[in-house]
Amino acid sequence: MRKQYDMELNKLNTQLVDMAAYVEQAVSDALKALENRDEQLAHQVSKNDREVDRMEREIEDICLMLLLRQQPVAGDLRFISAALKIITDLERIGDQAQDICEISLTMDPKPIASPLTTIREMFKESSAMIKMAVDAFITKDEELANECIRHDDVVDALFVDCRTRIIKELQSGHNDPEELIDLLQIAKYLERVADHAENIGEWVIFSLTGHHKDYLGVETFGV
């Protein structure tokens, strides 16, 4: 029984990592589609979001089966409970990638006139947060999870900078204000990607320690 249980836990871990890699690729492809005005890639990212939803449902089924049949305790219970929360945030990151592509598809197919430096940096830093959070989960590294959480301040600062720049461009009479508004919305979606990565980092810490900030530092499940 224990061997079967361990196999099911390993399957859960593997499928969660696969889902994270899929979502991380979706964010990367969303940037490529935006920069290159690649409608085909943007459509593909939107289409692939259904696969992310399928992965979430499959992992959720594994978690519920483990909870109902195996009745895990202590660290295993925290691990499974955290996995249920993590896949929700991963699914929402996939949604943000899809949202970015949908905006990209509504934009003029011509090359983007506005500098994308800050938005590229937001893509880079939010993607780095996803990787940090997932690596922390895989390696059970509490410090790496904390680093991911702290890194959200970097993305927040980039968003503020991006918003300030776009407002100034609008006030100065930019020749394509609609493009600027679209880019501001994309920046907002990237800020949300970082927020979800931060959430994953917090659930990694919970899986390791039993503590979560939303529970006022009280050890959950009493284990």
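Residues numbered from 1 in each chain as written. Predicted model: local features only at pLDDT ≥ 70, side-chain atom pairs only at ≥ 80, totals over all residues. Heavy atoms only, no water.

- Looking at an unreviewed UniProt entry, one finds the protein named Phosphate-specific transport system accessory protein PhoU, with Aedoeadaptatus nemausensis as its source organism.
- Reading the Sequence similarities (unreviewed entry) entry of the UniProt record for the protein gives the comment "Belongs to the PhoU family."
- Under the UniProt heading Subunit (unreviewed entry), the entry covering the protein gives this text: "Homodimer." (UniProt positions renumbered as here; feature names shortened; annotations may be inferred.)

### Details of the nonpolar core
In step 1: Membership of the largest hydrophobic core comes to 70 residues, with the highest contact counts inside it found for Leu12, Ile86, Ile119, Phe123 and Ile186.
In step 2: Those elements giving two or more residues to this core turn out to be α1 (2–36), α2 (39–70), α3 (74–106), α4 (117–139), α5 (142–171) and α6 (177–209).
In step 3: Per element, the largest residue contribution to this core is 14 residues, and it comes from α6.
In step 4: Residues in contact with Ile86, not counting those within four places in the same chain, are Leu16, Phe137, Ile200, Trp203 and Val204. (Core = buried A, V, L, I, M, F, W, Y, C linked by side-chain atoms within 4.5 Å. Buried < 20%, exposed > 50% of the residue type's maximum accessible area, 1.4 Å probe, protein only. Helix = DSSP H or I, 4+ residues; strand = E, 2+ residues; numbered from the N terminus. Contact = heavy atoms within 4.5 Å.)

### Description of the environment of Asp18
In step 1: Turning to its location among the elements, Asp18 is positioned in helix α1.
In step 2: For the pair formed by Asp18 and Ile149, sequence separation is 131 residues and the distance between their alpha carbons is 22 Å.

### Some remarks on the UniProt feature "domain: PhoU" (unreviewed entry) in the protein
In step 1: UniProt marks residues 17–103 and 119–204 with the feature "domain: PhoU" (unreviewed entry), using the numbering shown here.
In step 2: Secondary structure across residues 119–204 comprises 92% helix and 0% strand; the distance between its end C-alpha atoms is 27 Å.

### Topic: the layout of surface pockets
In step 1: Of the pockets and cavities examined, the largest pocket occupies roughly 220 Å³.
In step 2: Considering the residues around the largest pocket, the lining is formed by 13 residues, among which Pro115, Leu116, Thr118, Arg165 and Ile166 are closest to the centre.
In step 3: Sorting the residues of the lining of the largest pocket by element identifies α4, α5 and α6 as the ones contributing at least two each.
In step 4: Counting residues per element, the lining of the largest pocket draws most heavily on α5, which supplies four residues. (1 Å grid on protein atoms, 1.4 Å probe; cavity = no way out; pocket = protein on both sides within 12 Å on 5 of 7 lines; lining within 4 Å. Points joined across faces, edges and corners; volume = space filled by probe spheres on them.)

### Re the packing of α1 against α2
In step 1: At a minimum axis separation of 10 Å, α1 and α2 run at an interaxial angle of 160°. Classed by the angle they form, the pair α1 and α2 counts as roughly antiparallel. Crossing handedness for the pair α1 and α2: left-handed.
In step 2: In terms of residue class, the contact of α1 with α2 is made up of 20 nonpolar, three polar and eight charged. (Axes fitted to C-alpha atoms, helices over the stretch in contact; angles between N-to-C directions. Parallel < 35°, antiparallel > 145°, perpendicular 65-115°, else oblique. Left-handed = near helix turned anticlockwise from the far one by under 90°. Nonpolar A, V, L, I, M, F, W, Y, C, P; charged D, E, K, R; others polar.)

### Some thoughts on the side chain of Glu198
In step 1: Examined against the element boundaries, Glu198 turns out to sit in helix α6.
In step 2: Classification of Glu198 by relative accessible area gives buried; the value is 17%.

### Quick look at the packing of aromatic side chains
In step 1: Taken as a whole and judged by the stated rule, the model has two aromatic pairs.
In step 2: Aromatic side chains Phe79 and Phe137 sit 5.3 Å apart centroid to centroid with 20° between the ring planes, which places their arrangement in the stacked category. One end of the pair, Phe79, is in helix α3; the other, Phe137, is in helix α4, and 58 residues separate them in sequence.
In step 3: Taking the relative accessible area as the measure of exposure, Phe79 reaches 11% and is therefore buried.
In step 4: Judged by its relative accessible area of 4%, Phe137 is buried. (Phe/Tyr/Trp six-rings, centres within 6.5 Å; stacked < 30°, edge-to-face > 60°.)

### So, empty space enclosed by the protein
In step 1: Applying the stated rule across the entire model yields two cavities of 30 Å³ or more.
In step 2: Counted as a void, the largest cavity has a volume near 40 Å³.
In step 3: What lines the largest cavity is Ala33, Arg37, Asp38, Glu39, Ser104, Leu105, Met107 and Pro109.
In step 4: A breakdown of the residues in the lining of the largest cavity according to their chemical character gives four nonpolar, one polar and three charged.
In step 5: In this model, the second largest cavity occupies a volume close to 30 Å³.
In step 6: Around the second largest cavity, the lining residues are Ala26, Val45, Asn48, Asp49, Val52, Gly94 and Ala97.
In step 7: Broken down by secondary-structure element, the contributors of at least two residues to the lining of the second largest cavity are α2 and α3.
In step 8: Residue contributions to the lining of the second largest cavity peak at four residues, all from α2.
In step 9: Residues belonging to the lining of the second largest cavity are distributed by class as follows: four nonpolar, two polar and one charged.

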